[in-house]
Amino acid sequence: MRHQTFDSNGPDVRIRGNAFQVYEKYLALARDAQTAGDRIAAESYFQHAEHYFRIIGLINEQSGENQRGRDGRNGNGAPNGHGDANGNGQDQFGDDQDDDEDADAEDERAQMNA
């Protein structure tokens, strides 16, 4: 799915490319509309960009699951079919290993809404 080509019919433009290319194009269009003072068009483009941002997240999630399946380990480094490395649902440092990913996603949404 990573190399899938999307053909997006936006509000007034047709965009073709992989999910990341379409996402970047909608962000550029949104920024241009925002600069031109067209808040309605900008919001529409930001919403289209968000849709492709979510698709990118799903692609990354699936590729991560595929990678863990190939190397015979789950996301916490324990062999598949077993609990995590320390048995309590947290990584060895006692925090949630997805913190960096969550922060990156929040930063991206903040940029889209800026």
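Preceding this paragraph is the structure being described.
Note that the coordinates shown come from a computational prediction; the quantities given were computed from them, not determined experimentally.

S.K.: Explain the nonpolar core to me, please; I cannot follow it from the model alone.
M.R.: Across soluble globular proteins, you tend to see nonpolar side chains buried next to one another. Within the largest apolar cluster, 18 residues are counted, with the highest numbers of intra-cluster contacts made by Tyr26 and Tyr52. The set of elements that each furnish at least two residues to this core consists of α1 (19-35) and α2 (39-71). Other than its neighbours up to four places away in sequence, Tyr26 contacts Ser8, Asn9, Gly10, Pro11, Ile15, Tyr45, His48, Ala49 and Tyr52.

S.K.: Sorry, what's going on with α1 here?
M.R.: Across its 17 residues, α1 extends 24 Å between first and last C-alpha, which sits within 8% of the 24 Å expected from 1.5 Å per residue. At the N-terminal end of α1, a side-chain oxygen is found 3.1 Å from the backbone nitrogen of Phe20, two or three residues along, and the residue is Asn18. Looking one or two places after α1, you find Gly37, whose phi comes out positive at around 90 degrees.

S.K.: What should I look at first to understand the packing of aromatic side chains in this one?
M.R.: Geometrically, a pair of aromatic rings is defined through the distance of the ring centres and the angle of the planes. One pass over the full model with this rule turns up five aromatic pairs. Measuring from ring centre to ring centre gives 5.6 Å for Phe6 and Tyr52, while their planes differ by 80 degrees; the resulting arrangement is edge-to-face. Taken together, the residues span a long stretch of sequence, with Phe6 in strand β1 (residues 6-9) and Tyr52 in helix α2 at a distance of 46 residues. Taking relative accessible area as the criterion, Phe6 reaches 13% and is therefore assigned buried. Looking at Tyr52, the relative accessible area reads 7%, which means it is buried. Members of the aromatic cluster, joined through ring pairs, are Phe6, Tyr26, Tyr45 and Tyr52.

Procedures and definitions
- Residues numbered from 1 in each chain as written.
- Predicted model: local features only at pLDDT ≥ 70, side-chain atom pairs only at ≥ 80, totals over all residues.
- Heavy atoms only, no water.
- Core = buried A, V, L, I, M, F, W, Y, C linked by side-chain atoms within 4.5 Å.
- Buried < 20%, exposed > 50% of the residue type's maximum accessible area, 1.4 Å probe, protein only.
- Helix = DSSP H or I, 4+ residues; strand = E, 2+ residues; numbered from the N terminus.
- Contact = heavy atoms within 4.5 Å.
- Expected span 1.5 Å × (residues − 1).
- Polar contact = N/O pair within 3.5 Å; in protein donor to acceptor, adjacent residues only side chain to side chain.
- Phe/Tyr/Trp six-rings, centres within 6.5 Å; stacked < 30°, edge-to-face > 60°.

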